[in-house]
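Here is how the chains run, residue by residue.
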Amino acid sequence: MKIGREYDKVTAGMPVSQFFILGVIHRDIEGPALLRDWLDRIRPDVVTLELSHYGIRFRREFGEEYKRRIDRILMHRKERGEPSNKEALASLLSYISIPYEYEVTSEYATENGIPFYLIDMDFFSYMKLRAIEDLLSEENIEKALALDEMANGNQETALARLYFEKGIEIAQYDREMYIRDRYMSSKIQDFIKGNHYRKFLHVCGWQHLQDPSNLYFPLNPIKVFSHDKALCL
């Protein structure tokens with residue numbers, strides 16, 4: 001897979017629309033700064049994000065309640081002199097915190113007065129989040145925080161680097177991702193049809209850059225990985 005490919009229609013005269021897909025790593029410490037940098041470099045007229053409205057509503061309504069539960073257990077473990085797994089904590093918080101992708105892209109859109117759309121499917125967010133009370137029970141939080149620390153840090157970062165630097169495909173692109181990408185690519189095509197001569201940016205998890213069924217191919221995408229430091233726009 002070649003990241004940052006400049007297609008003929010982009011370099012040989014201005015196309016009807018330029019379409020960028022920016023793949024990011026979820027829960028990445030460097031993520032917010034990298035995402036903001038790419039937004040400033042691409043300077044899109046429209047931004048779409050791989051996030052559902054249901055996911056945002058749920059986190060706003062219940063996020064603080066679950067965060068207090070996690071904080072209470074963290075405090076008790078600290079009082080007992082027990083360490084807490086940082087990667088497990090980050091994973092638990094990812095279910096209830098507003099993702100940095102939303103905070104950075106929505107802030108950019110507001111500052112620049114451009115449209116910003118959440119275009120992922122509510123259905124899969126609902127299916128995942130409906131079981132959160134069990135996932136974030138006090139017993140399960142304790143078990144997660146008690147796990148041994150992994151020496152190699154963020155697993156998603158490791159998988160992404162294997163894929164982009166070595167061409168090794170370990171992260172599975174499953175049917176759910178296909179269904180979601182089919183839905184999101186269709187919505188983006190509708191946006192582009194109604195907005196000629198505009199620069200579009202879709203922000204998503206890096207796995208979606210694989211696109212094995214070429215769902216985004218009709219949009220002639222310029223694919224960018226957030227950690228790619230060699231690409232010049």
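Please read all numbers here as calculations on a predicted model, not as lab measurements.

Re the sheet that holds strand β4 (residues 198–205)
Right, on to step 1. Ordered by their spatial adjacency, 5 strands build an open sheet running β3-β2-β4-β1-β5, and the pairing between neighbours is parallel. The open sheet has two free edges, formed respectively by β3 (116–118) and β5 (222–225), since each of these has just one partner strand. Each strand of the sheet is rotated relative to its neighbour by a mean of 20°, with strand direction disregarded.
Right, on to step 2. Bridge count between strand β1 (residues 17–24) and β5: 4 bridges; the pairing is parallel. Within the sheet, the bridge partner assigned to Leu22 lies in β5 and is Val224.
Right, on to step 3. Across the sheet, helix α5 (residues 100–112) touches β1, β2 (46–49), β3 and β4, and the angle it forms with β3 is around 155°.

Some thoughts on the side chain of Asp211
Right, on to step 1. Inspection of the secondary structure assignment puts Asp211 in the loop between β4 and β5.
Right, on to step 2. No salt bridge is formed by the buried Asp211; its nearest oppositely charged neighbour, Lys223, is found at 4.4 Å.
Right, on to step 3. Side-chain polar atoms of Asp211 contact the backbone nitrogen of Leu215, separated by 2.9 Å.

Section: the pairing of β1
Right, on to step 1. β1 sits mainly inside the fold: 8 of its 8 residues count as buried.
Right, on to step 2. Here β1 shows a buried face lined by Ser17, Phe19, Ile21 and Gly23 and a second buried face lined by Gln18, Phe20, Leu22 and Val24.
Right, on to step 3. Relative to β4, β1 is paired through 8 bridges, and the arrangement is parallel. Paired with Ile21 across the two strands is His202, which belongs to β4.

Quick notes on a nonpolar patch on the surface
Right, on to step 1. Together, Phe123, Tyr126 and Met127 make up an exposed nonpolar region whose accessible area comes to about 290 Å².
Right, on to step 2. Following the sequence through the fold, Tyr126 ends up in helix α6 (residues 122–129).
Right, on to step 3. The class of Tyr126 is partly exposed, set by a relative accessible area of 40%.

Some thoughts on the packing of helix α3 (residues 53–79) against α6
Right, on to step 1. Their axes nearest at 7 Å, the elements α3 and α6 cross at an angle of 40°. Together, His53, Tyr54, Gly55, Phe58 and Arg59 of α3 and Asp122, Ser125, Tyr126 and Leu129 of α6 make up the contact between the two elements.
Right, on to step 2. Here the residues of the contact of α3 with α6 sort into 4 nonpolar, 3 polar and 2 charged.

Comments concerning the packing of helix α4 (residues 86–94) against helix α8 (residues 138–145)
Right, on to step 1. Two elements in contact, α4 and α8, have axes separated by 8 Å at closest approach and are oriented at 145°. Within the contact between the two elements, α4 uses Ala88, Leu89 and Leu92 and α8 uses Ile141, Ala144 and Leu145.
Right, on to step 2. Taken together, the residues that form the contact of α4 with α8 break down as 6 nonpolar, no polar and no charged.

Examining the packing of aromatic side chains
Right, on to step 1. Counted by the stated rule, this structure contains 7 aromatic pairs.
Right, on to step 2. Here Tyr102 and Phe116 contribute two aromatic rings whose centre-to-centre distance is 5.8 Å and whose plane-to-plane angle is 55°, an arrangement assigned as tilted. With Tyr102 in helix α5 and Phe116 in strand β3, this pair connects stretches of sequence that are 14 residues apart.
Right, on to step 3. Centroid distance Tyr117 to Phe191: 4.3 Å. Interplanar angle 15°. Geometry classified as stacked. Placement of the pair is Tyr117 in strand β3 and Phe191 in helix α10 (residues 175–193), with a sequence separation of 74 residues.
Right, on to step 4. For Tyr117, a relative accessible area of 33% gives the class partly exposed.
Right, on to step 5. In this structure Phe191 comes out as buried when scored by relative accessible area, which is 19%.
Right, on to step 6. Each residue in the set Tyr54, Phe58, Phe62 and Tyr126 is aromatic and connected to the rest through ring pairs, giving one cluster.

A look at α10
Right, on to step 1. With 19 residues, α10 should reach 27 Å at 1.5 Å per residue; the first-to-last C-alpha distance of 27 Å fits that figure.
Right, on to step 2. Those residues of α10 lying buried are Met177, Arg180, Asp181, Met184, Ser185, Ile188, Phe191 and Ile192. Mapping the buried residues of α10 onto a view down its axis gives an arc of 130°, with all of them on the same face. Set apart from the buried face of α10 by more than 90 degrees, the exposed residues are Arg175 and Lys193.
Right, on to step 3. Those residues of α10 that are buried lie in contact with β1, β2, β3, α6 and β4.
Right, on to step 4. Its side-chain oxygen placed 3.3 Å from the backbone nitrogen of Glu176, Asp174 serves as the N-cap of α10.

Parameters at a glance
Residues numbered from 1 in each chain as written. Predicted model: local features only at pLDDT ≥ 70, side-chain atom pairs only at ≥ 80, totals over all residues. Heavy atoms only, no water. Pairing = 2+ DSSP bridges. Helix = DSSP H or I, 4+ residues; strand = E, 2+ residues; numbered from the N terminus. Axes fitted to C-alpha atoms, helices over the stretch in contact; angles between N-to-C directions. Contact = heavy atoms within 4.5 Å. Buried < 20%, exposed > 50% of the residue type's maximum accessible area, 1.4 Å probe, protein only. Lys, Arg positive; Asp, Glu negative; His and termini not counted. Salt bridge = Lys/Arg side-chain N within 4 Å of Asp/Glu carboxyl O. Polar contact = N/O pair within 3.5 Å; in protein donor to acceptor, adjacent residues only side chain to side chain. Patch = residues over 30% accessible without salt bridge, like charges linked within 9 Å, V, L, I, M, F, W, Y side chains within 5 Å. Areas by Shrake-Rupley, 256 points an atom, 1.4 Å probe, with all protein chains shown as cover. Nonpolar A, V, L, I, M, F, W, Y, C, P; charged D, E, K, R; others polar. Phe/Tyr/Trp six-rings, centres within 6.5 Å; stacked < 30°, edge-to-face > 60°. Expected span 1.5 Å × (residues − 1). Arc of directions from axis to C-beta.

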